[in-house]
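The residues making up each chain are set out below.
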Amino acid sequence: MISSDILNPLITSAFTKQTTWLKASEQHSLDDFIETFHHTRERTQELLDGLSDTQVAFASEVHPFWSISESITHLIYSQGFYLNTLLDIATSQMPHVVEAARGFGEGAKHNIPAEALRKNLREATDQIRAAIEATRHAHDPQKTETNPFFGTCTYRTWILLLLAHEVDHLRQIAAMRSVAKMNA
């Protein structure tokens, strides 16, 4: 697993275009990125534990973050984009997800009950785990595609992008959990 003190600067360097996503993805093994993604998703699930419907719906006028409900529903919805991309770049017989994000911020929903968020995130986690396991050994590591936002991408680059997206929202969820527990 990649520690946050190594991963965060790597992600930041790609987000700020100090390096390309492709070069950033070459800094660690595919297995390290996958293991780190799974750990990050587990942390996201843990942050939902013990929260009420009011707390997951809480939106702060002071903090620029989405509510936890919005962050989790967006993560679940946008996961379809990454899943489909992994299937496209690999040789897998798995079906594509019908609803998948095509733009930034899609799928965010207000006021979803906490238990529904926990259930839906567990199901989404099972789905992405299955897709990763079905494709991690069924792709050509040299195969690339060009994405208008992220540049040249390999399978490993897409895993890093999935991880970076999860890390970004994990930070938001952690911040909003603290604020919501104090205010909601």
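Residues numbered from 1 in each chain as written. Predicted model: local features only at pLDDT ≥ 70, side-chain atom pairs only at ≥ 80, totals over all residues. Heavy atoms only, no water.

(A) The packing of aromatic side chains, seen in detail. Within this structure, the stated rule accounts for 7 aromatic pairs. Through a chain of ring-to-ring contacts, three or more aromatic side chains come together here, namely Phe15, Trp21, Phe81, Tyr82, Phe149, Phe150 and Trp158. (Phe/Tyr/Trp six-rings, centres within 6.5 Å; stacked < 30°, edge-to-face > 60°.)

(B) Spotlight on the side chain of glutamate 166. Residue placement: glutamate 166 occurs in helix H7 (residues 155-183). With relative accessibility at 1%, the residue glutamate 166 sits in the buried group. What glutamate 166 contacts, discounting residues up to four positions off in sequence, is Phe37, Thr40, Arg41, Thr44 and Leu75. (Helix = DSSP H or I, 4+ residues; strand = E, 2+ residues; numbered from the N terminus. Buried < 20%, exposed > 50% of the residue type's maximum accessible area, 1.4 Å probe, protein only. Contact = heavy atoms within 4.5 Å.)

(C) Examining the environment of leucine 87 more closely. When you line up the elements, leucine 87 lands in helix H5 (residues 68-89). Sequence-wise, leucine 87 and leucine 48 are 39 residues apart; in three dimensions their C-alpha atoms are separated by 29 Å.

(D) Representation of the environment of serine 4 in the model. Secondary-structure assignment places serine 4 in helix H1 (residues 4-15). For the pair serine 4 and aspartate 140, spaced 136 residues apart in the sequence, the C-alpha separation amounts to 28 Å.

(E) Broad picture of H1. The end-to-end C-alpha separation of H1 is 16 Å, in line with the 16 Å expected for 12 residues at 1.5 Å each. Within H1 the residues assigned to the buried category are Leu7, Leu10, Ile11, Ser13 and Ala14. In an axial view of H1, the angular spread of the buried residues amounts to 160°, which keeps them on one side of the axis. On its buried side, H1 packs onto helix H2 (21-25), helix H3 (30-48) and H7. Taken from the residues just after H1, lysine 17 is the one with a positive phi, measuring 65°. (Expected span 1.5 Å × (residues − 1). Arc of directions from axis to C-beta.)

(F) View of the pattern of salt bridges. The full count for this structure, using the stated rule, is 8 salt bridges. In this structure, arginine 129 engages glutamate 42 in a salt bridge whose closest nitrogen and oxygen atoms are separated by 3.3 Å. Taken together, the residues span a long stretch of sequence, with arginine 129 in helix H6 (residues 114-135) and glutamate 42 in helix H3 at a distance of 87 residues. Judged by its relative accessible area of 30%, arginine 129 is partly exposed. Note on glutamate 42: relative accessible area 35%, which makes it partly exposed. Close ionic contact of arginine 43 with glutamate 46 constitutes a salt bridge, the shortest N to O distance being 3.7 Å. Pair noted here: arginine 43 and glutamate 46 are both in helix H3, with a separation of 3 residues, about one helical turn. Given the relative accessible area of 42%, glutamate 46 is considered partly exposed. (Salt bridge = Lys/Arg side-chain N within 4 Å of Asp/Glu carboxyl O.)

(G) Seen up close, the side chain of histidine 38. Mapped onto the elements, histidine 38 comes out in helix H3. In this view, histidine 38 contacts Arg129, Ile132 and Glu133; residues no more than four positions away in its chain are not counted.

(H) A look at the packing of H3 against H5. Interhelical geometry of H3 versus H5 gives an angle of 145° and a closest axis separation of 12 Å. Like other packed secondary-structure pairs, H3 and H5 cross with a definite hand, here left-handed. For the pair H3 and H5, contact is made by Arg41, Thr44 and Leu48 and by Ile68, Ile72, Leu75 and Gln79, respectively. Here the residues of the contact of H3 with H5 sort into 4 nonpolar, 2 polar and 1 charged. (Axes fitted to C-alpha atoms, helices over the stretch in contact; angles between N-to-C directions. Left-handed = near helix turned anticlockwise from the far one by under 90°. Nonpolar A, V, L, I, M, F, W, Y, C, P; charged D, E, K, R; others polar.)

(I) Here's a closer look at unusual backbone geometry. The backbone of lysine 17 shows a phi angle near 65°, a positive value even though the residue is not glycine. Of note, lysine 17 is situated in the loop between H1 and H2. Taking relative accessible area as the criterion, lysine 17 reaches 66% and is therefore assigned exposed. Look at asparagine 111: it is not a glycine, yet its phi comes out positive at around 55°. For asparagine 111, the location among the structural elements is in the loop between H5 and H6.

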